[in-house]
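# Chain and residue survey
Here is what each chain is made of, one letter per residue.
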Amino acid sequence: MSWTRKPLAALVVCVLLLAGSAGCGTDDAPEGGASPAPVGKILEDRDPEGRPLREVGQEDAPGVGIEVQPDAAGGWDVRLTVRNFRFSPAGAAARAVAGRGLARLYVDGRPVARLRAPAHRLDARLVPRGTHRVTARLYADDGTVWAVDGKPVESTADVTASEPGPGMTPDASSRRKARTQGADSGGRGSPDRARGAS
């Protein structure tokens, strides 16, 4: 019986050594040996909807510009210009990846759309007669707000919609009297159209 214990003990030692060396590596490490680093720093500050800001350095920070123009159907065409940013497809994992995510569109501070592309059409009912602020803000896929220097990465345009004059119908030609101007926060409006509007 003693002859079977020695080989059995040797076998157990071999198994433990093999299992121990196999457990030294991690399956979570990406190829190339680098471990994933967190993107930016979560701040205590939050956006108006309560989402935390994710601070990133200015040099690699995403940026956004917005342009809003009246369209032929009576609504508004919104075009975003992004820098250091890519729109994530629907169903993307809920984690922050540098320079990726979606834009949320707000009219007068009210959320109206989540954008996964740079173009969107706003219905006329969302921008009635008067002056309104249309804002695009960039978010990571985990719901945090991209931020630089403690401020959300966003752009705002002031849009003024005018009513048609007496005896005119609210068709596309009278809607063209609406004007768009960029706001202080870096929004890109249409100064040419604003100068031509009365």
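Look a little higher up for the structure.
Summarised in this report is the structure supplied together with it. (Residues numbered from 1 in each chain as written. Predicted model: local features only at pLDDT ≥ 70, side-chain atom pairs only at ≥ 80, totals over all residues. Heavy atoms only, no water.)

### Some details on the overall build of the protein chain
- Along the protein chain, the regular secondary structure elements total three helices and 13 strands.
- Looking at the protein chain residue by residue over its 198 residues, the buried ones come to 36%.
- Pairs at least 24 residues apart make up 58% of the contacts formed inside the protein chain by residues separated by at least 6 positions.
- Of the roughly 12,000 Å² that the protein chain leaves accessible, carbon and sulfur atoms contribute 54%. (Helix = DSSP H or I, 4+ residues; strand = E, 2+ residues; numbered from the N terminus. Buried < 20%, exposed > 50% of the residue type's maximum accessible area, 1.4 Å probe, protein only. Contact = heavy atoms within 4.5 Å. Areas by Shrake-Rupley, 256 points an atom, 1.4 Å probe, with all protein chains shown as cover.)

### Brief notes about the nonpolar core
- Ranked by size, the top nonpolar core spans 30 residues in total, and within it Ile66, Val68, Leu80, Leu105, Leu122, Val134 and Trp146 carry the most contacts.
- Those elements that provide at least two residues to this core are β3 (63-70), β4 (76-83), β6 (100-107), β7 (110-115), β9 (130-139), β10 (145-148) and β12 (154-161).
- Leu43, Tyr106, Val145 and Ala147 belong to the second largest nonpolar core, which has seven residues in total. (Core = buried A, V, L, I, M, F, W, Y, C linked by side-chain atoms within 4.5 Å.)

### Here's the deal with the pattern of salt bridges
- Taken as a whole and assessed by the stated rule, the structure comprises eight salt bridges.
- Close ionic contact of Arg133 with Asp158 constitutes a salt bridge, the shortest N to O distance being 3.0 Å. A residue pair is termed long-range when its members are at least 10 positions apart, and Arg133 in strand β9 and Asp158 in strand β12 qualify at 25 residues.
- You can call Arg133 partly exposed: its relative accessible area is 41%.
- By relative accessible area, Asp158 is classed as partly exposed at 21%.
- Arg137 is the partner of Glu154 in a salt bridge, and the nearest nitrogen-oxygen pair spans 2.7 Å. Placement of the pair is Glu154 in strand β12 and Arg137 in strand β9, with a sequence separation of 17 residues. (Salt bridge = Lys/Arg side-chain N within 4 Å of Asp/Glu carboxyl O.)

### Concerning the packing of aromatic side chains
- All chains considered together, the criterion is met by one aromatic pair.
- Measuring from centroid to centroid gives 5.3 Å for Phe85 and Phe87, while their planes differ by 85 degrees, and the two rings are edge-to-face. Taken as a pair, Phe85 and Phe87 share a single burial class, namely buried.
- In this arrangement the basic side chain of Arg104 is found over the ring face of Tyr139, its NZ or CZ atom lying 4.8 Å from the centre. (Phe/Tyr/Trp six-rings, centres within 6.5 Å; stacked < 30°, edge-to-face > 60°. Lys NZ or Arg CZ within 6 Å of the ring centre and 35° of its normal.)

### Some remarks on the environment of Gly99
- Mapped onto the elements of the fold, Gly99 is located in the loop between β5 (86-87) and β6.
- Separated by 37 residues in sequence, Gly99 and Pro62 have C-alpha atoms that sit 5.8 Å apart.
- Beyond its immediate chain neighbours, meaning those up to four positions away, Gly99 contacts Asn84, Phe85, Arg86 and Trp146.

### What to know about the sheet that holds β3
- Strand order in the open sheet formed by three strands is β3-β4-β8, with antiparallel pairing between adjacent strands. For this open sheet the edge positions go to β3 and β8 (119-122), each flanked by a neighbour on one side alone. Adjacent strand axes in the sheet meet at a mean angle of 25 degrees when their direction is disregarded.
- Examined bridge by bridge, β4 and β8 share four bridges and lie antiparallel to one another. (Pairing = 2+ DSSP bridges. Axes fitted to C-alpha atoms, helices over the stretch in contact; angles between N-to-C directions.)

### Brief notes about the side chain of Glu55
- Following the sequence through the fold, Glu55 ends up in strand β2 (residues 52-55).
- Of the side chains with opposite charge, Lys41 comes closest to the buried, unpaired Glu55, at an N-O distance of 8.3 Å.
- Other than its neighbours up to four places away in sequence, Glu55 contacts Gly40, Lys41, Leu43, Ala147, Val148, Asp149 and Gly150. (Lys, Arg positive; Asp, Glu negative; His and termini not counted.)

Everything listed is a geometric property; what it means functionally is a separate question.
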